[in-house]
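Residues per chain are reported as follows:
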Amino acid sequence: MINIFIFTIFYVIFCSKCFGNTKTLNVLAITYDDSTESYSKFINEFNSYSEKNDLNIKLNLNLLTTTNSTFSSYDYGSLIETLFRNRSKKYELIFYDSSYSNVYAPYLLDIKNYIPKEHIEMYDEYILSQTCLYKDKIIGLPLLLEFSVLYSNEMLLNKYNKTIPKTWNELLETGKYILRKEKELNNTNLIGYNGLFENDDQGIMSIYEYIYSFRDSYELPFPEYTSQSTINALEMLKKIKNEISSDEIFHSGIDLIFEKIFDNTAIFLKFYMMPDLIPLITYKASTIPGVKEGISGSCICSFNLGINKYIDKENLISTIEAFKFLTSKELQKKLLKKNYTISSISSLYDDEEVCEVIDCELYKSIQYIGIPKDVGMRYDEYSEKLESYLYDFLYGNATAKDSLKKINDITKIYKISVDTKDSVIGLISLILISLISVIMLLSSLFLFKENYKPFFEYLSFDFWIITILGSIIILYSCYTEYGDLTVVKCHLKYLFLSLGLTLNLVPTLSKLIINFPEENKISNWINNYSRTFLLIFIMIDIIMNGLAYVFPFDVESNLIDGGENYLYCNMKNIFGIIMIYAVVIYKISVMALMLFLLFVEWNIQKYISDVRIIISTIYIDLLTIIIYIIFVYCHIKNYIINYLIKECIIFIISISNYVFLYGFRLIFAFLNKKNLKQLFINNINKKFINNETPFKTSIFTKIINYHNSTSAYYDNNNYFNSSNNNSTNN
């Protein structure tokens, strides 16, 4: 029985090998020309390997070209993305341009979870980080690497005893010299340098690698667009174009390159490294020149191999097997030796067998620079804008400084800061906020002066301090706009505004309730527990804003075409929006209650001036809050104006509340200083109690009667006595 069982197992395995169904995996690739050769070599190699090893896996190449589809280089980014968005399972493996890694990243598997670590680590770490890394995901491996080199006409250089240039100045001088000498020999078909600044991805690469070659030292990163190094780079580029080339030649593409390289009518040409072409031409490939010797720059681009995230599970193991073979060191070495590809496995350029065929020293001397992918927008949109602004300078009349400012503004996020590099508004605003808050704090010292106390009898000492603190907190909400905007800052701004208004208004609200013309339980309770009353409102603020934080803001970019981008807070969650508006409605309700009480107490003689000034505060607060809400939803194109409008509204709320609730009393005090002891003697109780028999009236009549009343139920001294006892009662 055991022998029969073992025989059966071997028979099944044998049949699956010999007669099993072959699994076909679809591979999608896109090429800008009609050539299938680059991809076909990889596909054919795997299919041969699969057949020899009885893997029963076959790769089927599906190639999109300019003949079977209509797309430009800028449409490329949307082609594969459309398939991904539809969760298509049609293709298991995807060849994709590394320029669009950020676009495709959400739809590709993180190969770290499927491919052995040692397999991934074969690849050059820097190249991998620039072409296949998205956040913490590795979304593919570079199968075909491309970078630019300088092709120098050795025949002409030798003729005039010149060497291959290592700096841009040498290239310019050598080009001018040879052009002049050849022109004397009536050779007018010769060009000095092609540039390759056309309207496609190659133009973008030319821009990046050229600017990178003007960094001050080898170790430094890509220069800032607005730096003097970059300005010098563009001015030198235009000089090269004007003196040894032309607009037409600089803007030309591949057709001109192949024409010139084969008829030998160019001194210098910049183009991709073409290993299979080197033996056929009289041009010597070298690193691109730099601002000084030892500095260069070549933009790397690769066609990566990735695995579709939506792949059928039954095809996953087979797909991983194919992926590992296509990206293996053995296959890369085999194709590299045949000049079919340029590999990203750096150890291959130390392999003697490989170096017998190719110039390994050239490959190892390339100073790579990757195209930035995290640009806050689609890469194709970004590249179109970048080219447009740079070409305004290169082929137009714009200055290098203006063009670079516009290029910098494509991705730069402007922010309010004390740094005056971009604007002095941040520093001025900081000084004003600090100065005003210090003045507010220092003004509280007058509460300790005996001759000023009669002017501050409306509230207790601690409530005046709290009122001033509220204005300062409202003012300090402006600080949340400084530096990088974060989710925490978004919520802090609303908390500061909410809490500041509470501290501003609730002490006055408590006094208005206490001053109600008729005795009631609420007035009695607040008169005895005024601090508890305030604490309740503070807790409501904290709880409501805390609940809003459960549904955090999104920090989004307001991208301004031709302007200065900035970040703003945007609440998208419906529950978060409800909580924010609940806070707003809560504040407006408090103000509405205060307006009602102010109407009721309008004619109380003792507080007649207080009531009229307080009502001004409420009206201003209501109006400014409405205006502020409107501007929150108006995304103004200029970040400075956007900041100024919103912060000016906050300044108005803070300062008007301070002035109308507290500051005006200081002015009266300065003008009318009083002797407190004499005032106390002259104001001994002159109150009387109205003992009229009550009679039934309507609510409206009662309100009118309250409005016409000239006295409050609690007199001033009674309030102060109870307020001063609150520390004991609360």
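Residues numbered from 1 in each chain as written. Predicted model: local features only at pLDDT ≥ 70, side-chain atom pairs only at ≥ 80, totals over all residues. Heavy atoms only, no water.

**Q** Just to check I follow, could you spell out the overall build of the chain for this structure?
**A** The helix and strand tally for the chain stands at 30 helices and 15 strands. Of all 730 residues assigned to the chain, the portion counted as buried reaches 51%. For the chain, long-range pairs separated by at least 24 residues make up 75% of all intrachain contacts whose partners lie at least 6 apart in sequence. Element-wise, carbon and sulfur atoms account for 59% of the exposed surface of the chain, whose accessible area totals about 35500 Å². (Helix = DSSP H or I, 4+ residues; strand = E, 2+ residues; numbered from the N terminus. Buried < 20%, exposed > 50% of the residue type's maximum accessible area, 1.4 Å probe, protein only. Contact = heavy atoms within 4.5 Å. Areas by Shrake-Rupley, 256 points an atom, 1.4 Å probe, with all protein chains shown as cover.)

**Q** I would appreciate a short explanation of the packing of aromatic side chains in the present structure.
**A** Any aromatic ring pair is given by two values, namely how distant the centres are and how the planes are angled relative to each other. One pass over the full model with this rule turns up 35 aromatic pairs. With a centroid separation of 5.9 Å and 65° between ring planes, the pair formed by Y479 and Y482 is classed as edge-to-face. When the ring of F533 is compared with that of F537, the centres are 4.9 Å apart and the planes differ by 70°; the resulting orientation is edge-to-face. With a gap of four residues between them, F533 and F537 both fall in helix α23 (residues 530-550), about one helical turn apart. Of the two residues examined, F533 and F537, each falls in the buried class. Connected via pairs of aromatic rings, a cluster forms that spans W168, Y193, F197, Y210, F214 and F250. A cation over an aromatic ring shows up here: K162 above the ring of Y177, its NZ or CZ 4.5 Å from the ring centre. (Phe/Tyr/Trp six-rings, centres within 6.5 Å; stacked < 30°, edge-to-face > 60°. Lys NZ or Arg CZ within 6 Å of the ring centre and 35° of its normal.)

**Q** Before we go on, may I ask you to explain the sheet that holds strand β13 (residues 413-414) in this structure?
**A** In sheet architecture, strand pairing relies on hydrogen bonds along the backbone and comes in two forms, parallel and antiparallel. Ordered in space as β13-β15-β14, the three strands form an open sheet in which the pairing is mixed. Looking at the sheet topology across the chains shown, the edges are occupied by β13 and β14 (554-558). As paired elements, β13 and strand β15 (residues 565-570) share two bridges and run parallel to each other. Bridging across to β15, Y414 finds its partner in Y566. (Pairing = 2+ DSSP bridges.)

**Q** Quick question: what am I supposed to make of the pairing of strand β7 (residues 148-153) here?
**A** Two faces make up the sheet, and in a regular strand the side chains alternate between them. Here β7 lies mainly inside the structure; six of its six residues are buried. Side-chain alternation along β7 places S148, L150 and S152 on one buried face and V149, Y151 and N153 on a second face that is also buried. Here β7 pairs with strand β9 (residues 266-272) via five bridges, running antiparallel. Looking across to β9, one finds that L150 is bridged to K270. Of the strand pairs in this sheet, β7 and strand β10 (residues 283-286) are connected by four bridges, and their pairing is antiparallel.

**Q** Please clarify how the state of the cysteines should be interpreted in this entry.
**A** The bond known as a disulfide is covalent and runs between the sulfur atoms of two cysteines. Scanning the entire structure with this criterion turns up two disulfides. In this model C355 forms its disulfide with C360; the gap between the sulfur atoms is 2.1 Å. The sign of the -105° torsion about the S-S bond sets the C355-C360 disulfide as left-handed. Taking the relative accessible area as the measure of exposure, C355 reaches 30% and is therefore partly exposed. Covalent S-S linkage joins C490 and C569, the inter-sulfur distance amounting to 1.9 Å. Here the S-S torsion is close to -85°, and the disulfide linking C490 with C569 is therefore left-handed. Of this pair, C490 sits in helix α21 (residues 487-514) while C569 sits in strand β15, and the two are 79 residues apart along the sequence. With its bonded cysteines labelled in order along the sequence, the chain shows the pairing 1-2, 3-4. We note that C299 lacks a disulfide partner, and the nearest cysteine sulfur, in C301, lies 8.0 Å from it. Given a relative accessible area of 0%, C299 falls into the buried group. (Disulfide = S-S within 2.5 Å.)

**Q** Quick question: what am I supposed to make of the sheet that holds β9 here?
**A** Within the open sheet, the four strands sit side by side as β8-β9-β7-β10. Their pairing is mixed. In this open sheet, the two strands that pair with only one neighbour each are β8 (191-193) and β10. Taken pair by pair, the neighbouring strands of this sheet meet at an average axis angle of 30°, ignoring direction. Packed on one face of the sheet, helix α8 (residues 168-184) meets β7, β8 and β9 and runs near 140° to β9. Most of the contacts of helix α12 (residues 254-263) go to β9, to which it runs at about 135°, and overall it touches β7, β8, β9 and β10. (Axes fitted to C-alpha atoms, helices over the stretch in contact; angles between N-to-C directions.)

**Q** What is the right way to look at the pattern of salt bridges in this model?
**A** Pairing between side chains of opposite charge can happen when their charged atoms approach one another. Applying the stated rule across the entire model yields 26 salt bridges. The closest approach of N and O atoms between K89 and D312, which form a salt bridge, is 3.4 Å. Pair noted here: K89 is in the loop between α3 (76-85) and β3 (93-97) and D312 is in the loop between β11 (298-307) and α13 (313-326), with a separation of 223 residues, a long-range link. For K89, a relative accessible area of 45% puts it in the partly exposed group. The partly exposed category is assigned to D312, whose relative accessible area is 23%. (Salt bridge = Lys/Arg side-chain N within 4 Å of Asp/Glu carboxyl O.)

**Q** What am I meant to see in the side chain of E209 here?
**A** Structurally, the position occupied by E209 is in helix α9 (residues 201-212). With a relative accessible area of 1%, E209 lands in the buried category. Polar side-chain contacts of E209 include one of 3.3 Å to the side chain of S148. Excluding its chain neighbours within four sequence positions, the residues that come into contact with E209 are S148, K270, I288, G297, S298, C299 and I369. (Polar contact = N/O pair within 3.5 Å; in protein donor to acceptor, adjacent residues only side chain to side chain.)

**Q** Explain the environment of D541 here, please?
**A** Relative to the helices and strands, D541 resides in helix α23. Take D541: its relative accessible area is 0%, and that puts it in the buried class. Distance from D541 to F496, taken between C-alpha atoms, is 9.7 Å for residues 45 residues apart in sequence. Excluding its chain neighbours within four sequence positions, the residues that come into contact with D541 are L495, S498, L499, T502, Y586 and K587.

**Q** I tried to follow the packing of helix α10 (residues 228-244) against helix α18 (residues 400-411) on my own but got confused; where do I start?
**A** Each pair of packed helices can be summarised by the angle the axes make with each other and by the distance between the axes. Direction vectors running N to C along α10 and α18 enclose 120°, while the axes themselves pass 10 Å from each other. Compared by their axis directions, α10 and α18 come out oblique. In this structure, the crossing between α10 and α18 has a hand that is right-handed. Contacts between α10 and α18 pair T230, I231, L234 and E235 from the former with A400, K401 and L404 from the latter. (Parallel < 35°, antiparallel > 145°, perpendicular 65-115°, else oblique. Left-handed = near helix turned anticlockwise from the far one by under 90°.)

**Q** In this structure, what is going on with unusual backbone geometry? I would like to understand it.
**A** Most of the time, phi is negative for any residue but glycine, and the peptide bond is trans. One non-glycine residue, K135, lies in the positive phi region at around 55°. Its relative accessible area of 68% is what places K135 among the exposed residues. Here the phi dihedral of N264 falls at roughly 60°; this positive angle occurs in a residue that is not glycine. Locating N264 in the fold gives a position in the loop between α12 and β9.

**Q** Just checking my understanding: could you explain helix α19 (residues 425-443) for this structure?
**A** It helps to recall that an α-helix has 3.6 residues per turn; residues three or four apart then point in one direction. Across its 19 residues, α19 extends 27 Å between first and last C-alpha, which sits within 8% of the 27 Å expected from 1.5 Å per residue. Of all the residues in α19, the buried ones are I425, G426, S429, I433, I436, S437, M440 and S443. Buried residues of α19 fall within an arc of 135° about the axis and therefore sit on the same side. Counted as exposed and oriented over 90 degrees from the buried face of α19: L441 and L442. Residues of α19 that are buried in the fold lie against α20 (461-476) and α26 (639-671). (Expected span 1.5 Å × (residues − 1). Arc of directions from axis to C-beta.)

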